[in-house]
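The lines below spell out each chain.
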Amino acid sequence: MTDQPMTSGRSSVAVLTERYEGAVMNTFGPPKRVLVRGAGCHVWDADGRRYLDLMAGIAVNSLGHAHPAVVAAMTAQASTLGQVSNLFASEPQIVLAERLLVLAGADGEGRVFFCNSGTEANEAAIKITRRTGRTRIVAAQGGFHGRTLGALALTAKAAYRAPFEPLPGDVVWVPYGDAAALSAAVDETTAAIVLEPIQGEAGVIVPPDGYLSAARRVADRDGALLWFDEVQTGVGRTGRWFGYQAEQVQPDIITLAKGLAGGFPIGACIGLGSAGSLLGPGQHGNTFGGNPVACATSLAVLDVIQQDDLLTHVTSIGAELAARLRLVDGVIAVRGRGLLLAADIAPGTSPLVAAAALEGGVIVNDPTPDCLRLAPPLVLSSAHIDEAIPVLSSAIGAHSRAQDAAGPAQRHPLEVS
Ligand code: PLP
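Notes on the structure follow.

**A short note on the site of the ligand**
Next, step 1: Neighbouring the ligand are 13 residues; Gly118, Thr119, Asp229, Gln232 and Lys258 lie closest to it.
Next, step 2: In this structure, a nitrogen atom belonging to the ligand sits 2.8 Å away from a side-chain N or O atom of Asp229.
Next, step 3: Protein coverage of the free-state accessible area of the ligand, which is 390 Å², stands at 83%.
Next, step 4: Considering every element that reaches the shell around the ligand, the biggest residue donor is helix α5 (residues 118-130), with 3 residues.

**Quick word on the environment of Ala139**
Next, step 1: Looking at the secondary structure, you find Ala139 in strand β5 (residues 136-140).
Next, step 2: Given a relative accessible area of 0%, Ala139 falls into the buried group.
Next, step 3: As for Ala139 and Val231, which are separated by 92 residues in sequence, their C-alpha atoms are 15 Å apart.

**Section: the environment of Gly200**
Next, step 1: Mapped onto the secondary structure, Gly200 falls in the loop between β7 (190-195) and α9 (211-222).
Next, step 2: Accessibility expressed as a relative area gives 0% for Gly200, which makes it buried.
Next, step 3: Separated by 39 residues in the primary sequence, Gly200 and Arg161 have C-alpha atoms spaced 18 Å apart.
Next, step 4: When neighbours within four sequence positions are excluded, Gly200 is seen to be in contact with Gln232 and Arg373.

**So, the sheet that holds strand β2 (residues 42-45)**
Two strands in a sheet stick together by hydrogen bonds in their backbones, pointing the same way (parallel) or opposite ways (antiparallel).
Next, step 1: What the 4 strands build is an open sheet, ordered β1-β2-β3-β13; its pairing is mixed. In this open sheet, the two edge strands, each paired with only one partner strand, are β1 (35-39) and β13 (362-363).
Next, step 2: Of the pairings in the sheet, the one linking β1 to β2 comprises 4 bridges and is antiparallel in character. Looking at the pairing, Arg37 lines up with Trp44 of β2.

Calculation notes
Residues numbered from 1 in each chain as written. Predicted model: local features only at pLDDT ≥ 70, side-chain atom pairs only at ≥ 80, totals over all residues. Heavy atoms only, no water. Near = heavy atom within 4 Å. Polar contact = N/O pair within 3.5 Å; in protein donor to acceptor, adjacent residues only side chain to side chain. Areas by Shrake-Rupley, 256 points an atom, 1.4 Å probe, with all protein chains shown as cover. Helix = DSSP H or I, 4+ residues; strand = E, 2+ residues; numbered from the N terminus. Buried < 20%, exposed > 50% of the residue type's maximum accessible area, 1.4 Å probe, protein only. Contact = heavy atoms within 4.5 Å. Pairing = 2+ DSSP bridges.

This is a description of form; function is not addressed.
Next up, the structure:
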C-alpha cells in the first residue's frame, strides 16, 4: 500500500496519516483512519484492523464494499468503453436515464442530466430553476445541498457561507417541517422550492407527515417548481426508491448522487414534465457526466436492489436497527426512516462517542453534537446489528454516564418514533 519504507516502530496508519497531511489539502481535518480494503459491510485499515461500516461512505456504498455485481459491471464496462465525452452517447447512459425516469414515474415527459456528484446535480437544478424566468429559491433552514458556490448559496449555515461571500443571491429560508411558514414565504416570484425529504446533514430530521405534499400544493399555487434533493435519501436508503415516496407527491426536479452507483462517482438531475426541457443545447454541460462506467455501475446497483428486494429489506432491517438502538442505555430517541437513522444521545457527547465506537471497531458519525447518524449499506444483516450494538452501548454508556452530572438531555422537537 505504501511506496515508502515503514518508519520503524510507527503504525502504517500513523505514517500514511502524516503523509496525507503533508500532501492533501486540509479541507476535511485529519483522517480518522487510512483504509485499504472493504468487503460487504466491513472495511480494513492500513494496520489490518477491521471495522463495521455503519456509514457506507456517508450513505454511498449501497451494496456494501466490493459487491461482486458492482465490481463485475464496472470492470466489464471499463474494459469495453470507459469514457466518450458528451459529444457522443453510450448505451448505459441511455438505459440508466430511461430507468431513472421510470422509477420517478415520469410518464414519458422527463429528461435526465448526468454529472459526478450531489453538488453538481444541484447546480444543474439551480440552472433549470433560472430558466423559468424567475430567480428566487425557497430553501429550508438546516438544509445541505453541497459545497460549490451555487449549492452553497442554498445553505443557510453561516459557518459554511461566510468565508465565500458574496454567494449567488435570492434565496430565502424557512424552518424545515413548517408548512405554514413555507406557504407564507412562497409567492408568484418564486422559481422553486428545494427540500430534502429527510434532512441528512442536519441530523436526520424527518418532517411531519404531509409536509412534502403541502410543499407541492404551495408550489402549484404560485407556479413554482418543486425540487427534492434526494442526494442522501435516494436510491433505496429510506426503504423506497426516493425518500419523497413516503407521501403521495410528485416533484418537478429530483437530484441524486451518493448511493446511485454504489460508490462510483455519479450524479443525476431528473427534470420531470416540462422541467426536463428547460435547459437547451449549450446551457449546461460537463466532461465526465454520464460516462459509461458510472452508468453501467449504477445499472448494476439498481438491478441488485430490485432483484434482492432490498427496499423491503431496508424497511425491516432499519426497523430492527432502530428498535435495538432504542434499547441502548444512554440513547434518548431514535429517528429516521429505513437505513437513514439518528440516535439522540447526551448533548455534546457525539464526537467522543463516535471516536470511541471507531476505536471499538464500528463506524458511525456525529452530524450534530447530540446525535449519531447511521447510514449503513442496504445489505446490512441482523448479525451486523449484533456486532454493532455492544460496541455502541459501551461507547454511548461511558459518555452518557460522564454527562449525567451535567443535567438532563433535551429531546429533539421533530423526533419521529
Ligand atoms: N445534497 C445533500 C442532501 C447531501 O447530503 C449532500 C452531501 O452530503 C450533497 C447534496 C452534496 O453531495 P456531494 O458531496 O456529492 O457533492
